[in-house]
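# Breakdown of the fold
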Amino acid sequence: MLTLAVETSTSTFAVALGDGERVLATRELAGVAPRDRDLPGLVTGLLADAGYAFADLLRVAVDVGPGNLTAVRTGVAYANGLAFALGIGVVTADSLELMAARAGQPVLCLRNAGGGAAYGRLGPDYLHGPLAALAARVRTGAVAVAGDFRAEVARLLPGVLVEDTGIAGPDPATLLRLTADRTPLDPTRERAAAPLTETSPLFAGRGEAGEGGAAVHGGDVEKVVAVLRDGGVVLLPTDTVYGLAVHPEAGDGPLGRLFAMKRRPLSRNLPIMVADADQARGLGAQVPASAEKLLAAFSPGPLTLALGLTGPAPAWLAGRDEIAVRVPDDAFLLDVLRAAGPLLVTSANLSGHDTPETMGEVLAQLAGQPDLALDGGPRQTVPSTLVNCNLPAPVVERVGAVPAERIAEVLEGTQP
Amino acid sequence: MTDLILGIETSCDDTSVALVERDGTVVAASTASQAALHTRYGGVYPEMASRAHIDKILPTVRMVLDDSGVDPRGLRAIGVTRGPGLIGSLMVGVSTAVGLGQGWDVPVLGINHLRGHLRSADLEERRVDYPATILLVSGGHTFLARMTDPGTITLLGSTVDDSVGEAYDKVARMLGLGYPGGPAVDRLAATGSPVFPFPRPMLRDGLDFSFSGLKSAVERFLAAEPDAPPADVAASFVAACLEVLVAKCRRALAADRSECLVIVGGVAASPQLREAAGELCASAGVRLSLPPLRWSTDNGAMIGLATWDYLANGQAPPALATTSLSIESF
């Protein structure tokens, strides 16, 4: 199957033409300023070398990074455009797996992520975080390195025998080989082949804190908060089910995307997660005696309270007279809430479906990709219990993780 | 061969694609706007813009082709904005366009975004008679130019600092009106009175513009008088902008014979500007040409129409992103 491989994730643009895993021709462009890199000219020359025409191509393979964002995007946009025009598929590989495959042995691959941070792949694990933290993941007496920072790793690991593979970046021949059996994507589907960044699910939540186990958040609070503030949609584990979160001050854009992922019409009346009762009061919520009792008994925990809005409220609550709030029993999520302020969080599922137990299943079910996905291992599928405290007497409106009898016990004797 | 050009525009925050005939007939057009995405920043956030372009561009191209039923392999050319604009956004447009062009075996031309704006008044029907004086007022640009024919442009004056659209956006932010600020400022201004005497920068001075001082004056005024009615502040700001824009147009029309005054760019949507320009043209005895609102903001159709001028003039710049580009260059 005649395949064009496009590799633009390094300062050297390289292209190859192959049939299956057999390389027919390669060309590369080095030492040219980024804006003057003529990728289409490079490909035209490549096809001429091998005696083929564009119409002969049957698929396009492209490296989706991580790498220089604009350069990767150039390659991805070109590959998508060419494949769309020819009516053929796009196959993708990431630059870390390409370097690992090129090395042909267990290897630590690194890519500069800027600001002292790196993208990495060690064995099968994808990593993102400070370089030193990634290097510290090496637990063996010897390691082979590829990509950026090869010399730095040796300095950071004085007791480890570091073997330099000499591989500085991905190459198009490996791209052909690695993608030969992959299923092609439809380039007109949104984000069919999009450049990878640290917010891609591949890296999200696999930072320096991860210890290789499943039930680890790993994502750092600052990064999660930054993505939320930037208008990102974040998939995160809560103390009940997996949730989709957006920052309420980020506007309707992220809300629209969140509901698109759930295939539900947009609503601004999402439950609000808060770090503590004070944050709820800060939203203008009225906390009656019944709610105080329930909070004392079940907060933090799987209980959502509907409360009246009476005090001065932030602008994003304009027009609302009631909100649903909950304090989750999850240390990491509480850290995020303290740093970001209250967040809009709803269950991560398609409309009418249950929330799956694991991050992978959730991502497979959702109609779109969150900007950041945090892996918390398997989670419950039962949501929180909802009690409406904005009525003359509190009413249990949804029975979830807290049984209705427990609510009744706590409320017994409470005056509304 | 169909006599059609596919125009692609991704220089800022809209992904826009259109099929355009030589006479400006728009066979199909589609725009994916990112306004909602950028609202919270009070401006365009480049990385998010690039990401959105790569998501939207092929679905937008497909929509235009599906709507029209046109076989793209018969296109006369693809015209894609090469600049000026945000580098990341431009790169997505030009890279996708050259991929499409190679796949369909259709030539791809890199088009000057500003020339697209200048031609937007002739989309769907011919509205411009030459020679014409053209005012381009948008978020990124403020120019006065003279066109003796669609391919021949002389720059008469431009802003020495901020564009008028930028000043609108910044004043909108000061007044808490969000992004994009132009329509919001105009709406609020319509309910107030221009009672505050903001400066009219360079009013009596040639054909260049300056809006930075006006913007700062509004900022200082709001700091000193935080309780001033926002509608009156907006009305006073708009009045200052309009007086300057109209004075420059009047001066340009007086200097050289023009058949018509053409106003293009996002700020051309301003009802106040449309009204003031109408009065000016009536008194100066020239025709006023305004593109319909949908063509006054960034769009692929204007790029498509400008591409026809390139072909007529034998110009074929490569589709390479060029962040800064003069209005006179192809």
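## Some remarks on the overall build of chain A
Looking only at helices and strands, one finds 13 helices and 19 strands in chain A. Taken over the C-alpha atoms alone, chain A extends approximately 85 × 55 × 35 Å along its principal axes. Considering only contacts within chain A whose residues lie at least 6 apart along the sequence, 62% involve residues at least 24 apart.

## Details of the packing of helix H5 (residues 164–174) of chain B against helix H8 (residues 230–255) of chain B
All names here are of chain B. Between H5 and H8, whose axes approach to 11 Å, the crossing angle comes to 175 degrees. Classified by the angle between their axes, H5 and H8 sit roughly antiparallel to one another. Only Phe237, Val238, Cys241 and Leu245 of H8 make contact with H5, whose side of the interface consists of Val164, Ala167, Tyr168 and Val171. Its residues assigned to classes, the contact of H5 with H8 shows 8 nonpolar, no polar and no charged.

## Considerations on the sheet that holds strand E2 (residues 14–20) of chain B
All names here are of chain B. Spatially, the 5 strands line up as an open sheet ordered E3-E2-E1-E4-E5, and their pairing is mixed. Looking at strand neighbours, the two that pair on one side only are strand E3 (26–33) and strand E5 (108–112), the edges of this open sheet. Pairs of neighbouring strands in the sheet enclose a mean axial angle of 20 degrees, with direction left out of account. Strands in contact with helix H2 (residues 46–68) are strand E1 (5–9), E2 and E3; relative to E2, the strand with the most contacts, it is inclined by about 25 degrees. Each of E1, E2, E3, strand E4 (77–83) and E5 is contacted by helix H11 (residues 300–312), which is oriented at about 125 degrees to E1, the strand it contacts most.

## Considerations on helix H2 (residues 69–86) of chain A
Residue and element names in this part refer to chain A. Between the first and last C-alpha of H2 there are 26 Å, a value that for 18 residues agrees with the 26 Å anticipated at 1.5 Å per step. Burial runs high along H2: 16 of the 18 residues are buried. Backbone nitrogen of Thr70 and a side-chain oxygen of the N-cap are separated by 3.1 Å at the start of H2; the cap is Asn68. Downstream of H2 by a residue or two, Gly87 has a phi angle that is positive, lying close to 70 degrees.

Rules and cut-offs
- Within each chain, residue numbers correspond to sequence positions counted from 1 in written order.
- Chains and ligands are labelled by the order in which they are written, letters from A for the one and numbers from 1 for the other.
- In keeping with the model being predicted, local features are shown solely for residues with a pLDDT of at least 70 and side-chain atom pairs are shown and tallied solely at 80 or more, while totals for entire chains, interfaces and linings include all residues.
- Just so you know, side-chain values use all the structure's heavy atoms and leave hydrogens and water out.
- Here a strand is any run of E in DSSP of at least two residues, a helix any run of H or I of at least four, and the numbering for each starts at the N terminus.
- Two residues qualify as a contact provided that any one of their heavy atoms is within 4.5 Å of a heavy atom in the partner residue.
- For helices, the axis comes from a line fit to the C-alpha atoms of the stretch in contact; other axes are also lines fit to C-alpha atoms, and the angle between any two N-to-C directions lies between 0 and 180 degrees.
- The cut-offs work like this: below 35 degrees is roughly parallel, past 145 is roughly antiparallel, 65 to 115 is roughly perpendicular, and the gaps in between are oblique.
- Amino acids outside the nonpolar list (Ala, Val, Leu, Ile, Met, Phe, Trp, Tyr, Cys, Pro) and the charged list (Asp, Glu, Lys, Arg) are all regarded as polar, and Gly is one of them.
- When DSSP finds at least two bridges between two strands, those strands are taken to pair.
- Any helix carries an expected span of 1.5 Å times its number of residues minus one.
- Whether a residue is buried, partly exposed or exposed follows from its accessible area with a 1.4 Å probe, protein chains only, as a fraction of its type maximum: under 20%, in between, or over 50%, in that order.
- Under this definition, polar contacts are N or O atom pairs within 3.5 Å; protein pairs additionally need one hydrogen-donor-capable and one acceptor-capable atom, and for neighbouring residues in sequence, both atoms have to be side-chain atoms.

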